[in-house]
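Architecture at a glance
So you can see what is in the structure, the chains are spelled out below.
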Amino acid sequence: MGIHTTDAIVLRRHLFRETSVVVSCLTDRFGKIKGLVKGLRMHPSRHRSAMEPMTVNRILFYDAHTSHLHLVSSCELLQSFSALSNDLETMRCAAYFVDLVDAVVPLEEPHPAIYRLLREALERLTLTAGDLTEPRVHFTLRLLRLTGFQPQLDQCAACAGPVSGEGFWSVGQGGLLCRRCLHQDPHAEPATPRVLEALASLSDTDAPVPLDAAKCPDRELVQAARRW
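What counts, and at which threshold
- Residues numbered from 1 in each chain as written.
- Predicted model: local features only at pLDDT ≥ 70, side-chain atom pairs only at ≥ 80, totals over all residues.
- Heavy atoms only, no water.
- Helix = DSSP H or I, 4+ residues; strand = E, 2+ residues; numbered from the N terminus.
- Buried < 20%, exposed > 50% of the residue type's maximum accessible area, 1.4 Å probe, protein only.
- Contact = heavy atoms within 4.5 Å.
- Areas by Shrake-Rupley, 256 points an atom, 1.4 Å probe, with all protein chains shown as cover.
- Phe/Tyr/Trp six-rings, centres within 6.5 Å; stacked < 30°, edge-to-face > 60°.
- Pairing = 2+ DSSP bridges.

1. What about the overall build of the chain?
- When helices and strands are counted, the chain shows five helices and eight strands.
- Of the regular secondary structure in the chain, the N- to C-terminal order runs β-β-β-β-β-α-α-α-β-β-β-α-α.
- When the 228 residues of the chain are sorted by exposure, 44% land in the buried category.
- Considering only contacts within the chain whose residues lie at least 6 apart along the sequence, 56% involve residues at least 24 apart.
- Total accessible area on the chain is roughly 11900 Å²; 51% of this is exposed by carbon and sulfur atoms.

Below, the structure written as structure tokens:
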């Protein structure tokens, strides 16, 4: 049974029996892991953290090779992002980031780039005021790219040919269709060049980039991101 120390962002926290909690964490070295923190609710003073969701902690855990549930023996709070709770929409956006990571990142596969993405996104949210469209869409697209789920933005999903000009988003085909292949999914929705350009710009950068609202209105950007 190996002993490891790592920084971890808490994604979920569940009560376990009367005194303990089970946490799902994204770590900087080991990917997403699940851990049991015994006695945390009965003796909180033994730990330096309550392991609340959306906090960064330094944890020491025992690697249980026969199970995906590891034993967390100590945890120390490093960053709480307490400013997120000052605004409801900001808190909702942060919760969306955490829930999306928990949904798409597999257990125990190291993803240091995704750890950095989530931590930096939460840090930026504490400093962001106003519209959250670009941070939300950037995080979604960047996460999909890092996990290998993002469809090609310049290639037809049916014929693998280049998509020049307007493409069409097909749920059934799992990507863009060119006009020649539109017969494969008559219900595919148009994806304009300006939207494709904006999506590509956001998915290629480590941080959100300001977009020209006149060329790509937020409404179109959000609708496109939701399809993907």
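2. A short note on the packing of aromatic side chains
- This model, assessed by the stated rule, comprises three aromatic pairs.
- Both rings, one in Tyr96 and one in Phe97, keep their centres 6.1 Å apart while their planes meet at 55 degrees; by these two values the pair is tilted.
- Here Phe97 and Phe139 contribute two aromatic rings whose centre-to-centre distance is 4.1 Å and whose plane-to-plane angle is 20 degrees, an arrangement assigned as stacked. Residue Phe97 is located in helix α1 (residues 88–104), and its partner Phe139 is located in helix α3 (residues 133–147); the two are separated by 42 residues in the primary sequence.
- Residue classification places Phe97 among the buried residues on the basis of a relative accessible area of 1%.

3. Comments concerning the pairing of strand β3 (residues 31–37)
- Within β3, six of the seven residues are buried, leaving the element largely enclosed by the surrounding structure.
- Across seven bridges, strand β2 (residues 20–27) lies against β3 in antiparallel orientation. Residue pairing in the sheet places Cys25 in a bridge with Ile33 of β3.
- Counting the residues between successive antiparallel strands, the hairpin from β2 to β3 contains three residues.
- Across three bridges, the pairing between β3 and strand β5 (residues 69–79) is parallel. The residue bridging Leu36 from the neighbouring strand is Leu71, located in β5.

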